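Residues per chain, in single letters:
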Amino acid sequence: MSDAYFRRVGAARPSHLMFTGGVGSLIDLPNFSVLVKGTDTWDYKGLAGSDYLVSERRLTDAVNRVLRRYGPKKVTELRSAPWQQGADDDPRGEAAQGVGVPVTPFPQWLRCTACNLLAGVDSDAFTLVNRNPRTPHEAKFVHDCKKVRPLAVAARFTLVCTDGHLDEFPYVRFVHRGLGCPTMPRPSLRMRDRGGNQAADVDIECRACGASRNIREAMGERGQANLPQCRGRHPHLDFFEPEGCVNKPLVMVAGASNQWFPITLTALALPETKDETARALVEKRWDDLQHIESAAEIRSLVKFPPYRYLADFDAEEIAAAVAAHKAALAGTPVSAPEQPVDLLTDEWRALTSSTLPQEDDFTLREAVVPPSLSGLFASVRQVERLREARALVGFTRLDAFDPEDPGLVTRVELSRLAREWVPATEVRGEGVFVRLDADLVANWEARVAHSEAIAAHRAAYARFRDNRRSDRLAGAYDSMAHWPGARYIALHTLSHMLIRTIALECGYSSASLAERIYTGNDDDPRTGILLYTAVPDSEGTLGGLVSLAEQPHFERIVRRAFSDALHCSSDPLCAERLPQKPFDYLHGAACHVCLFLSETTCERGNRFLDRRFLVPLDDDPDLLLTPPDLVG
């Protein structure tokens, strides 16, 4: 592609590059769409390390476990997207030239909106126009078929397979029914889009030989017979799988919501424990400490001036950290099974600790539980300062990644070669942590264990796993594996109720808030909910959310949340809803009116929600977790 194409064509927020339009995804610009390139092409030259590095040890370790990186190939850095101050102020300056996330036009077949010519972006039929560097969003392709050159738009069909491959639709071979044009090797095509509200009604016509075919013949499962085998293409890496792909692809419209699902890991910055401090020291001073075999050697070395810094640490802890680091550098067997990464246990311990941390990135303060709410909440804490780091470790297509079942779908790599960093972002803010009474929740779980409502949710979960597009579950398998349980449904529902109410008073929109649900089992009875701000452009804290944990605000908000949940403008349809066969949706009495939240707010994509467990929608009082005096 000529140098004329290497220019700025738009802007994206850091959160957009993590959750909506990251590596391998399509981003819709006003006049065409682009594909975000792999991290092999991201350039950080000229940028200071402090400008883009995100520091969070727990998250870095989790990334390496997910990517199964050990030894010299492990990930050591979390990096935000390349960006330099001044790019917006001086679009012709050095900061705006070549600094940013690389993208390429995709799909690379364009259609003229005037004459319906269908051709590739490399055919010289179209010209990229973007004369004003201060308005990169006005970039567009035009066709020279008229005096006033009409706009050329992306031909919107692509091919996608369950192994994460993405390819152009084979227009030439499709219109000639698997063959080439008998008249010329690269014929000119015409695309006529007739619209319609039933299905795609698009005719593809060869202008050389007159062959014509409707795109509907390639749609759906029956249309797969009219499509070629998947070529194993990863356009974000400019790479084809050497052995090809055994799958039959599906036709998908560019920009479809299931064309790209991010695989992200999120961790809160917590105060370092003694073990973590010792490990950090060992990694920093590895050249000095790599030959140590025992704690006795450390006690001897402390006597010498070059090793006096070891006097502040326990010798046993340092020796254990050295041994652990040696094991990590040695690597683990490739055949080791993937395991779910647990980032919540340490957070739960920190949030419920008897000692309230007072760190720059994590500050807790105890709030008073109103007597009228003591039957539901065991404690309420204000998280006055927190920092959340997020890392992108891959993506999937057609099916979302399940963090509880990592091997269910195929994860696509972000780069061709193993790199020492992955894309990341961080946000600073505030939050409120509430812990429900453990005995109350345990008694409720026992009451509803064999109820019709929970049975319906369990059956829907099994159908949901059976119906996954990825078709990874052929043969014998446990359809209820990783079922989150009734406790999670109740806490998740309460979390959404509180978020929708809090957003009306705290100054943040509901899309600016996020949740973390801490649930356990009989051996580990976690019953916590953390609600916090998650806005990339919000440095520090405004205090609006934290103040709502104080009296009289907290009691008023909780009571209002329950009062609002009693009614939904979609009732009685919403109130009576339970997942029933053959449907596999994973919510009961919940909808966009009463409980659903934005994609960036909910940690489970608005699944596992049901108001009937918190407010009296049915005649069965045993379904209610909430004490009667709160919802009365």
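A brief report on the enclosed structure follows. Given the structure is predicted, the values throughout are model-derived calculations rather than measurements.

**Overview of the packing of aromatic side chains**
(1) Moving on: Within the structure shown, the criterion is met by 19 aromatic pairs.
(2) Moving on: Aromatic side chains Trp42 and Trp421 sit 5.9 Å apart centroid to centroid with 45° between the ring planes, which places their arrangement in the tilted category. Remark: Trp421 occurs in strand E22 (residues 421-436) and Trp42 occurs in the loop between strand E2 (33-36) and helix H2 (49-52); sequence separation between them is 379 residues.
(3) Moving on: Here the aromatic residues Trp109, Phe157, Phe169, Tyr171 and Phe174 are joined through ring pairs into a cluster of three or more.
(4) Moving on: Taking NZ or CZ as reference, Arg213 lies 4.5 Å from the ring centre of Phe174, over its face.
(5) Moving on: One residue, Arg604, lies across the ring of Tyr488, its end atom 5.1 Å from the ring centre.

**Points about the pattern of salt bridges**
Any two side chains of opposite charge can pair, given that their charged atoms come close.
(1) Moving on: Applying the stated criterion across every chain, the model contains 33 salt bridges.
(2) Moving on: As a salt-bridge pair, Arg611 and Asp571 come within 2.9 Å of each other at their nearest N and O atoms. Residue Arg611 is located in the loop between helix H14 (553-565) and helix H15 (628-631), and its partner Asp571 is located in the loop between H14 and H15; the two are separated by 40 residues in the primary sequence.
(3) Moving on: Of the residues examined, Arg611 reaches a relative accessible area of 0% and is grouped as buried.
(4) Moving on: Since its relative accessible area comes to 26%, Asp571 is described here as partly exposed.
(5) Moving on: We note a salt bridge from Arg612 to Asp610, for which the minimum N-O separation is 2.9 Å.
(6) Moving on: Overlapping salt bridges bring together Glu56, Asp361, Arg387, Glu426 and Arg428 as one network.

**Looking at the sheet that holds strand E5 (residues 103-105)**
(1) Moving on: Read across the open sheet, the three strands follow the order E1-E2-E5; overall the sheet is antiparallel. The sheet terminates laterally at strand E1 (26-28) and E5, the two strands that pair on one side only. Averaged over all pairs of adjacent strands, the angle between strand axes in this sheet comes to 35°, irrespective of strand direction.
(2) Moving on: Alignment of E2 against E5, held across three bridges, turns out to be antiparallel. Within the sheet, the bridge partner assigned to Val36 lies in E5 and is Val103.

**Overview of helix H12 (residues 452-466)**
Because an α-helix packs 3.6 residues into every turn, residues spaced three or four apart end up facing the same way.
(1) Moving on: Across its 15 residues, H12 extends 21 Å between first and last C-alpha, which sits within 8% of the 21 Å expected from 1.5 Å per residue.
(2) Moving on: Buried within H12 are the following residues: Ala453, Ile454, Ala456, His457, Ala460, Tyr461, Ala462, Arg463, Phe464 and Arg465.
(3) Moving on: For H12, the secondary structure elements touched by its buried residues are helix H11 (438-448) and helix H13 (486-502).

About the cut-offs
Residues numbered from 1 in each chain as written. Predicted model: local features only at pLDDT ≥ 70, side-chain atom pairs only at ≥ 80, totals over all residues. Heavy atoms only, no water. Phe/Tyr/Trp six-rings, centres within 6.5 Å; stacked < 30°, edge-to-face > 60°. Helix = DSSP H or I, 4+ residues; strand = E, 2+ residues; numbered from the N terminus. Lys NZ or Arg CZ within 6 Å of the ring centre and 35° of its normal. Salt bridge = Lys/Arg side-chain N within 4 Å of Asp/Glu carboxyl O. Buried < 20%, exposed > 50% of the residue type's maximum accessible area, 1.4 Å probe, protein only. Pairing = 2+ DSSP bridges. Axes fitted to C-alpha atoms, helices over the stretch in contact; angles between N-to-C directions. Expected span 1.5 Å × (residues − 1). Contact = heavy atoms within 4.5 Å.

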